Amino acid sequence: MTVFDVQKIRQDFPILKEKIRGKDLVYLDNAATCQKPQAVIDSIVHLYSHDYANVHRGVHTLSVRSTDKFEGARTKVKDFINAASEKEIIFVKGATEAINLVAQTYGKANIKTGDEIIITAMEHHSNIVPWQMLCEQTGAVLKVAPINLQGELIFDEFEKLVNDKTRLISVVHMSNALGTINPVKKIIAVAHEKGIPVLLDGAQAIPHITVDVQELDCDFYVFSAHKLYAPTGVGVLYGKQALLEAMPPYQGGGDMIRKVTFEETEYNVLPYKFEAGTPNIADVVGLGVAIDYLNGIGMESIAAYEAELLSYATAKAKQIKGLRIIGEAEHKGAILSFVLDKIHPHDIGTMLDSLGIAIRAGHHCAMPVMDFYKVPATARASFAMYNTKEEIDVLMNGIESLIEVFG
Amino acid sequence: MFDDLRDLYQEVIFDHNRNPRNFRIIENADRKVEGFNPLCGDRLTLYLQMEGDVIADASFQGSGCAISTASVSLMTEIVKGKTEIEAEELFKKFHEMTTGKDENFNLEAIGKLAVLAGVREYPARVKCATLAWHTLDAALKNEQQAISTE
Ligand SMILES: Cc1ncc(COP(=O)(O)O)c(C=O)c1O
């Protein structure tokens, strides 16, 4: 492994050279979506320029090339999260669709009136609403495991919720609003003791943490490509093969069938059973290239560098009077959510934008988390491997100046 | 450092944000309507005391960003003593000003409210400025349910 060279990495991301309102861009909204390296951008142009046709459908050369690239990306995803087989990697349009898929197939087939589903109080709306919809459809009950003021799951309370009626546990691996990394191995151990499957929402974790689904022993793992330096419009559902085999399909159409007559349809094998219609070929190929790029740097080095950024930013933030960090879990990823005394996050966002700094101000699709902390919104700086300590200095200077202006 | 933002954050806005006017509850108000901007979590309750068709008193409670706080604070000052029709006219003008579609908009004619004209250049912030007025509009139409800018 080579040494981590952030300046070299920055050269690979053309957008980082953009000027915003005349200033150098400081992009700190990576938890919303992160920027793309040139290799990923080029891969899409290259595919459409040289190798593009529909997949799985033709004997002609281009269809074969396109299919090879598309299926090659599936193998890269499989290796990246260490799944046992390509059959366990389903391409969908994002983490949101992956969770909805599980709710509407596994959920509908296995969850009935009076059954219980457990989530936590720090979930993104996409890991709340699909379960509420399923509960409405089935008469099941949604249970919410509480968090403490640091933003950590209260494990004892979570354990108390797990009982013989629990049919599924769906928790976020790393929280987008707080940065908290959940003790997912412990959660899975508790669940599996009672034979309960666990879904991990890895939308935030995937660019920061080495994920090994076999080591975690999770039953489902979902993430979106766009938060992994890859294009928008692609997500991954990982599921254990036995579970996926037993699940009814999600949507009907082309590609997901083996044989169709007007009397009956025989479904295709995994993973195609869950991939009805022409998939997002180019962006899946782009995801494969993003994974190659990340492997070239090494997830371990990325994690180590980002941990350094977070602790630098946290220490600096703590020196600012009137700044309160929201989410101080002991185990945390590179997210700094905060509020300022008497200054609304929206004003913080506009003020920082005028300095070229992009942060997120809002509820981060986690309104229950905002309610818990009794704030209408927070400001959130979220870091990626291409951010630098100098950028954090620019952010902190900006915050100090805007506090002054607001007086 | 924030020179670019002078048009948006004028001193008057900071002043109203620090010391919002009419920030109180009117007990037994004739009209009470809640306004909510789900995007940023701004929430306000507007109270009106009517005398015939004249707004005799206006006040608010709630929390929001500087733009929305200044906007509602200014609004409660200005609509006091105005008839419903006059207030609706002002709402229309304010809306025209903040959405910035009319290049020849006469800023003089809108008086004090002109300090909020800066939001025209910040599409993401227009709703912060208009939340108060949408809430007033609902109150004047006597709509009781909470209104939302989404
Ligand atoms: C924790 C978490 N889960 C799920 C999602 C949903 O991802 P997407 O909108 O890409 O489907 C996000 C995105 O913000 C997230 O942060």
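Residues numbered from 1 in each chain as written. Chains lettered and ligands numbered in written order. Predicted model: local features only at pLDDT ≥ 70, side-chain atom pairs only at ≥ 80, totals over all residues. Heavy atoms only, no water.

As for the domain arrangement of chain A
All names here are of chain A.
1) Next: When the domains of chain A are assigned, the result is domain 1 (6-30 + 298-406) and domain 2 (41-295).
2) Next: The straight-line distance from the C-alpha centre of domain 1 to that of domain 2 is 28 Å.
3) Next: Taking both partners together, domain 1 and domain 2 bury about 2600 Å²; carbon and sulfur atoms supply 60% of that area.
4) Next: At the boundary of domain 1 with domain 2, the tally comes to zero salt bridges.
5) Next: Seen at the junction of domain 1 and domain 2, the total is 19 residue pairs in polar contact (both at pLDDT 80 or more).
6) Next: At the level of secondary structure, the elements contributing two or more residues to the side of domain 1 that touches domain 2 comprise helix H11 (299-318), strand S14 (335-340) and helix H13 (367-373).
7) Next: Of the residues forming the side of domain 1 that touches domain 2, the biggest block, six residues, is contributed by H13. (Domains from an automatic or database assignment. Buried area = accessible area lost by both parts, 1.4 Å probe. Salt bridge = Lys/Arg side-chain N within 4 Å of Asp/Glu carboxyl O. Polar contact = N/O pair within 3.5 Å; in protein donor to acceptor, adjacent residues only side chain to side chain. Helix = DSSP H or I, 4+ residues; strand = E, 2+ residues; numbered from the N terminus.)

Considerations on the confidence of the model for chain B
All names here are of chain B.
1) Next: Of the residues in chain B, 95% reach a pLDDT of 70 or more, and the chain-wide mean stands at 90.
2) Next: The least confident element of chain B, judged by mean pLDDT, is strand S4 (residues 147-148) at 66; the most confident is helix H2 (residues 66-79) at 96.
3) Next: For this predicted complex, the interface confidence score (ipTM) comes to 0.88, while the overall pTM stands at 0.94. (pLDDT = per-residue confidence, 0-100.)

So, H11 of chain A
One turn of the α-helix equals 3.6 residues, which is why residues spaced by three or four share an orientation.
Residue and element names in this part refer to chain A.
1) Next: Between its first and last C-alpha, H11 extends 28 Å over 20 residues, near the 28 Å set by a 1.5 Å rise per residue.
2) Next: Of all the positions in H11, only Met299, Ser301, Ile302, Tyr305, Glu306, Leu309, Leu310, Ala313, Thr314 and Ala317 are classed as buried.
3) Next: For H11, the secondary structure elements touched by its buried residues are helix H1 (6-11), helix H3 (61-80), helix H10 (281-297), strand S13 (323-325), S14 and helix H14 (389-406). (Expected span 1.5 Å × (residues − 1). Buried < 20%, exposed > 50% of the residue type's maximum accessible area, 1.4 Å probe, protein only. Contact = heavy atoms within 4.5 Å.)

Comments concerning helix H3 (residues 84-99) of chain B
Residue and element names in this part refer to chain B.
1) Next: In this model H3 runs 22 Å from its N-terminal to its C-terminal C-alpha over 16 residues, within 8% of the 22 Å that 1.5 Å per residue would give.
2) Next: Where H3 is buried, its residues touch strand S3 (54-63), H2 and helix H4 (126-140).
3) Next: Taken from the residues just after H3, Gly100 is the one with a positive phi, measuring 65 degrees.

What to know about the site of the ligand
Residue and element names in this part refer to chain A.
1) Next: Close contacts around the ligand come from 13 residues, with Thr96, Asp201, Ser224, His226 and Lys227 the closest.
2) Next: Interatomic distance of 3.2 Å between a side-chain N/O atom of His124 and an oxygen atom of the ligand.
3) Next: Note that an oxygen atom of the ligand is positioned 2.7 Å from one of the side-chain N or O atoms of His226.
4) Next: Here the ligand has 400 Å² of accessible area as a free molecule, and 85% of this is covered by the chains.
5) Next: In the shell around the ligand, the residues fall into three nonpolar, eight polar and two charged. (Near = heavy atom within 4 Å. Areas by Shrake-Rupley, 256 points an atom, 1.4 Å probe, with all protein chains shown as cover. Nonpolar A, V, L, I, M, F, W, Y, C, P; charged D, E, K, R; others polar.)

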